[in-house]
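Coordinate analysis (summary)
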Amino acid sequence: MLYIALISIVFAVFFYCQAFQSGMGRKRWATAGFLLGPLVWPMFRMEKRMKTFKRFGRGYSMLNA
């Protein structure tokens, strides 16, 4: 039981930091990370991608170096 609580806290902090870096809602993503853990990652990436498309348009290419 302790491991589940620890993992939930780790994912909450992780998604809080990622949302802060991406300019998204920090509390919302921290709560989702706390409740659902790593299952939130695909939803987080999709929202980040949609935000980028909305800002720069669909012709924008993201190059990860």
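Located above this text is the structure these notes cover.
A quick note: this is a predicted structure, and the numbers were derived from the prediction, not measured.

Criteria and thresholds
Residues numbered from 1 in each chain as written. Predicted model: local features only at pLDDT ≥ 70, side-chain atom pairs only at ≥ 80, totals over all residues. Heavy atoms only, no water. Helix = DSSP H or I, 4+ residues; strand = E, 2+ residues; numbered from the N terminus. Buried < 20%, exposed > 50% of the residue type's maximum accessible area, 1.4 Å probe, protein only. Contact = heavy atoms within 4.5 Å. Areas by Shrake-Rupley, 256 points an atom, 1.4 Å probe, with all protein chains shown as cover. Arc of directions from axis to C-beta. Patch = residues over 30% accessible without salt bridge, like charges linked within 9 Å, V, L, I, M, F, W, Y side chains within 5 Å. Salt bridge = Lys/Arg side-chain N within 4 Å of Asp/Glu carboxyl O. Phe/Tyr/Trp six-rings, centres within 6.5 Å; stacked < 30°, edge-to-face > 60°.

We now examine the overall build of the protein chain. Counting its secondary structure elements, the protein chain contains three helices and zero strands. The buried share of the protein chain, taken over its 65 residues, is 23%. In the protein chain, the share of contacts with a sequence separation of at least 24, taken over all contacts with a separation of at least 6, comes to 36%. For the protein chain, the exposed surface amounts to about 5400 Å²; the carbon and sulfur share of it is 68%.

This part is about helix 2 (residues 26-36). Residues Trp29, Ala30, Ala32 and Gly33 constitute the buried set of helix 2. Summarising the axial view, the buried residues of helix 2 lie within an arc of 160°, below the 170-degree limit, and thus occupy one face. In helix 2, the exposed residues that point more than 90 degrees away from the buried face are Lys27 and Leu35. Of the surrounding secondary structure, the elements contacted by the buried residues of helix 2 are helix 1 (2-22) and helix 3 (41-56). In the segment just after helix 2, Gly37 is the residue with positive phi, at about 65°.

Taken together, Ile9, Val13, Phe34, Leu35, Leu36, Leu39 and Met43 make up a surface patch of nonpolar side chains, about 710 Å² in accessible area. When residues in the nonpolar patch are grouped by element, the largest group, three residues, is from helix 2. Checked against the element boundaries, Leu35 lands in helix 2.

On to the pattern of salt bridges, then. Going through the model one piece at a time under the given rule, you end up with one salt bridge. Here Arg28 ties to Glu47 by a salt bridge, and the two come within 3.2 Å at their closest N and O atoms. Placement of the pair is Arg28 in helix 2 and Glu47 in helix 3, with a sequence separation of 19 residues. Owing to a relative accessible area of 48%, Arg28 belongs among the partly exposed residues under this scheme.

Further remarks concern the packing of aromatic side chains. Enumeration over the complete set of coordinates arrives at seven aromatic pairs. Ring geometry for Phe11 against Phe15: centres 6.4 Å apart, planes inclined by 25°, an arrangement best described as stacked. With Phe11 and Phe15 both in helix 1 and four residues apart, the pair spans about one turn of that helix. Among the aromatic residues, those joined into a cluster by ring pairs are Phe11, Phe14, Phe15, Trp29, Trp41 and Phe44.

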